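Take a look at the letters that make up each chain.
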Amino acid sequence: AILVVVAVARGDVGPWRRGARAAWLAVPFIPLGLLAGLGYAAWTLDGALPAGLFVVAASAMVAIAGTAAFWRGEVVQALLVSVAAALVLAAGVFGLVQPRLASLKMSPRLAAAVDRAGCPDPAIVTLGYREPSLVFLVGTELDMVTEPVDAAAFLMRGGCRVALVAERFEAGFRAALGGTGLAAEPAARVAGFNVNGGRRQSVGVWVARP
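Residues numbered from 1 in each chain as written. Predicted model: local features only at pLDDT ≥ 70, side-chain atom pairs only at ≥ 80, totals over all residues. Heavy atoms only, no water.

Undergrad: Outline the environment of Ala 60, supporting the account with residue identities and numerical values.
TA: By the element assignment, Ala 60 lies in helix H4 (residues 53-71). Of the residues examined, Ala 60 reaches a relative accessible area of 0% and is grouped as buried. Taking the C-alpha atoms as reference points, Ala 60 and Val 27, separated by 33 residues in sequence, lie 8.5 Å from one another. Leaving out residues up to four positions away in the same chain, Ala 60 has contacts with Pro 31 and Leu 32. (Helix = DSSP H or I, 4+ residues; strand = E, 2+ residues; numbered from the N terminus. Buried < 20%, exposed > 50% of the residue type's maximum accessible area, 1.4 Å probe, protein only. Contact = heavy atoms within 4.5 Å.)

Here's what the structure looks like:
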């Protein structure tokens, strides 16, 4: 930030520099890109558009005004307007839109589903769903396996146990359960987008009670 101020004060920043006008286009494209990306994610994953997107759109309009000021040679004004756009953008994205995208919050929803399962202090295993935040939400004793037979064996060890099984592993998991007598359907299901893995997922919550 200090270097930017020094460069502006010395007159080294402005639309007269080669490529400066094109580079400044990144200022409005950042909020416009977030507006398009978050809007698409909200509509396709949650089926609704959060009202906070209007704040993101407003930040894009402010950023466009900053770019126009830069192109006119009003460098200081352009910087101040762009800082204001960044503040509005942060408030819109992190304060209003992101908290309401339920599909991006699979770990908290899975933790809540485990709590609702009525299994006090359960042992938990996850198969096919790996998200670092899950460990902090359900406990560091979380077991992670890679094979359906291992998840089925975990449930059958006795006591109050919960298996979180990604849908792509469910056929093998059901087969591994075989004639154990455990319910053939999950107690709950959580669907969304796993940011860590970059894919849509549906995870079943399977419960074994003593």
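Undergrad: How would you summarise the packing of aromatic side chains if you had to cite specific residues and measurements?
TA: One pass over the structure, following the stated rule, counts 2 aromatic pairs. A centroid spacing of 4.1 Å and a plane angle of 0° characterise the contact between Trp 24 and Phe 70, whose relative ring orientation is stacked. Separated by 46 residues along the polypeptide, Trp 24 in helix H2 (residues 20-24) and Phe 70 in helix H4 bring together distant segments of the chain. For the pair Trp 24 and Phe 70, one class covers both residues: buried. Residues Phe 173 and Trp 206 carry aromatic rings whose centres are separated by 4.9 Å and whose planes lie at 70° to one another, so their mutual orientation is edge-to-face. Of this pair, Phe 173 sits in helix H9 (residues 170-177) while Trp 206 sits in strand E5 (residues 199-208), placing them 33 residues apart in sequence. When the ring centre of Phe 154 is taken as origin, the NZ or CZ atom of Arg 161, which lies over that ring, is 4.6 Å away. (Phe/Tyr/Trp six-rings, centres within 6.5 Å; stacked < 30°, edge-to-face > 60°. Lys NZ or Arg CZ within 6 Å of the ring centre and 35° of its normal.)

Undergrad: An account of the pattern of salt bridges is requested, with residue identities and associated values reported.
TA: Across all of its chains, the model carries 4 salt bridges by this definition. One salt bridge in this structure joins Arg 72 and Glu 74, with 3.0 Å as the shortest N-O distance. Since its relative accessible area comes to 52%, Arg 72 is described here as exposed. Because the salt bridges share partners, they merge into one network encompassing Glu 170, Arg 174 and Arg 189. (Salt bridge = Lys/Arg side-chain N within 4 Å of Asp/Glu carboxyl O.)

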